[in-house]
Amino acid sequence: MNILVTGGAGYIGSHTCLELLSAGHAVTVLDNYSNSKPESLNRVERLTGKTIRRIEGDIRDGAVLRRALTESGAEAVIHFAGLKAVGESVQLPLQYYDNNVVGTLRLLEAMQACGVKTLVFSSSATVYGDPQRLPLTEDHPLSATNPYGRTKLVIEDMLRDAFAGDASWRFGILRYFNPVGAHASGQIGEDPQGVPNNLLPFVAQVAVGRREFLNVWGNDYDTPDGTGVRDYIHVVDLALGHLRTLEALSKAPAGQGQCMAINLGTGVGYSVLDMVKAFEAASGKPIAYQIQARRPGDIAACYADPTTAKEVLGWQATRDLQTMCADAWNWQRNNPLGYGG
Ligand code: NAD
Ligand code: WQD
């Protein structure tokens, strides 16, 4: 298939482009490089021996979108482009609504104009808010506790409304849990700008000597060791989930669309201290940490019920915690300064 990937130079996008190319798809990336570097795509090309068509531009620009859809001959779009930092979204809410919500609206308009009706969207487990029950099934009530999460909720609602108005759309809404790790080559991985917000990139930077110690945000949660529990998923498993989603969407009979929301997680929760221990084992480096107060807005525990993905997509995560940490370390060790090094 010809696939347009928005935000394809980013962390999850670059890993997905690699799997798409390896599976024989033709890939066009539209990215404004606001949180990534073209070097990630150079490396994907080297690893696969295939070429990516690249368009530098913004998803809020309808003309650029229509050009990208037309030039690529796109049959489907995988939509990663967006801003994702929870804390920043509290400081800059309008930028988040503009980039994420307006950007997705422009994309849907351009797709409609060009007759491209298949979209895979990057949603997040954040749309479940503070879980009322675990594991999280897709029918759990939706809510949000910060502007970033609300942009994901608004976009999900926009997709459901678009489908209600025109049942020929094919929407795969993928609710990611906590993506970590890197491609086994150690050539592509997560390259956060500035101080990492997320746990594993921070731990990796402590291991490589870029940071002195990890702040553990709270050890008084109602969890086995008191620290927060999350469902960490290897980014390559996550990338493969997008391929299975495209396959499932393309199976719908002609003219008959669908709109499905699916969890992409492992179903297993690990605590912050579990992650520290696993990373120490993978890297052979001690990870110094200090217990701090809880981070505002954090929840105690969050993990998926991944049954729908298995039943509907025939997909399940196969890479374990040891592999997630070993691959994250391999990337960090080979690229201590990320793509800028
Ligand atoms: P990322 O920041 O590495 O990638 C996003 C990409 O989109 C970047 O290359 C960035 O330059 C590009 N981009 C941003 N705004 C753009 C715009 N207006 N026009 C064109 N390009 C633009 O993030 P990621 O971790 O790869 O996340 C991808 C998607 O998955 C995001 O939508 C994010 O909200 C979602 N998600 C991420 C996580 C996570 O923990 N990484 C979890 C759940 C959901
Ligand atoms: C994981 C655990 C922290 C950093 C966020 C977004 C979510 C989604 C994924 C995009 C928690 C603890 C962390 C640190 C720590 N993103 N921690 N010290 O908060 O589950 O989810 O990223 O959609 O929307 O909210 O991920 O990696 O920040 O935290 O102790 O320096 O690690 O308290 O328990 P989170 P995270």
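Preceding this paragraph is the structure being described.
Residues numbered from 1 in each chain as written. Chains lettered and ligands numbered in written order. Predicted model: local features only at pLDDT ≥ 70, side-chain atom pairs only at ≥ 80, totals over all residues. Heavy atoms only, no water.

Please provide a residue-by-residue account of the site of ligand 2, values included.
Ligand 2 sits among 18 residues. The nearest are Tyr148, Leu199, Asn215, Arg230 and Asp298. Interatomic distance of 2.5 Å between a side-chain N/O atom of Arg230 and an oxygen atom of ligand 2. Note that an oxygen atom of ligand 2 is positioned 2.8 Å from one of the side-chain N or O atoms of Arg295. If ligand 2 stood free it would expose 680 Å²; the protein chains cover 87% of that surface. Looking at the shell around ligand 2, its residues break down into eight nonpolar, seven polar and three charged. (Near = heavy atom within 4 Å. Polar contact = N/O pair within 3.5 Å; in protein donor to acceptor, adjacent residues only side chain to side chain. Areas by Shrake-Rupley, 256 points an atom, 1.4 Å probe, with all protein chains shown as cover. Nonpolar A, V, L, I, M, F, W, Y, C, P; charged D, E, K, R; others polar.)

Now, about the site of ligand 1: what can you tell me, with residues and values included?
Among the 27 residues in the neighbourhood of ligand 1, the closest are listed as Asp31, Asn35, Ser36, Asn99 and Tyr148. Backbone polar atom of Ile12 to an oxygen atom of ligand 1: 2.8 Å apart, as the coordinates give it. Separating an oxygen atom of ligand 1 from a side-chain N or O atom of Lys84 is a distance of 2.8 Å. Relative to its unbound accessible surface of 820 Å², ligand 1 loses 96% to contact with the protein. The biggest single contributor to the shell around ligand 1 is strand E5 (residues 118-124), with three residues. Residues belonging to the shell around ligand 1 are distributed by class as follows: ten nonpolar, twelve polar and five charged. (Helix = DSSP H or I, 4+ residues; strand = E, 2+ residues; numbered from the N terminus.)

Just give me the short version of helix H7 (residues 199-207), but keep the residues and values in it.
Residues lying three or four places apart along an α-helix face the same way, a consequence of the helix completing one turn every 3.6 residues. H7 sits mainly inside the fold: nine of its nine residues count as buried. Buried within H7 are the following residues: Leu199, Leu200, Pro201, Phe202, Val203, Ala204, Gln205, Val206 and Ala207. Residues of H7 that are buried in the fold lie against strand E7 (178-180), strand E8 (214-217), strand E10 (232-234), helix H9 (272-283) and helix H11 (321-334). (Buried < 20%, exposed > 50% of the residue type's maximum accessible area, 1.4 Å probe, protein only. Contact = heavy atoms within 4.5 Å.)

Could you give me a rundown of the side chain of Arg175, with the residues and numbers involved?
Within the secondary structure, Arg175 is located in strand E6 (residues 170-176). Residue classification places Arg175 among the buried positions, given a relative accessible area of 2%. Polar side-chain contacts of Arg175 include one of 3.2 Å to the backbone oxygen of Glu138. Separated by 2.7 Å, the side chains of Arg175 and Glu156 make a polar contact.

Please give an account of empty space enclosed by the protein that cites residues and values.
Counted according to the given criterion, the structure contains three cavities of 30 Å³ or more. Approximately 90 Å³ is the volume found for the largest cavity. As for the largest cavity, its lining consists of Val180, Gly181, Ala182, Glu190, Leu200, Pro201, Ala204, Ala328, Trp331 and Gln332. Going through the elements one at a time, H7 and H11 are the ones with two or more residues in the lining of the largest cavity. Its residues placed into classes, the lining of the largest cavity shows seven nonpolar, two polar and one charged. Of the volumes computed, that of the second largest cavity is approximately 50 Å³. For the second largest cavity, the full set of lining residues is Glu190, Asp191, Pro192, Gln205, Arg210, Trp331, Gln332, Asn335, Pro336 and Gly338. Residue classes in the lining of the second largest cavity are distributed as three nonpolar, four polar and three charged. (1 Å grid on protein atoms, 1.4 Å probe; cavity = no way out; pocket = protein on both sides within 12 Å on 5 of 7 lines; lining within 4 Å. Points joined across faces, edges and corners; volume = space filled by probe spheres on them.)

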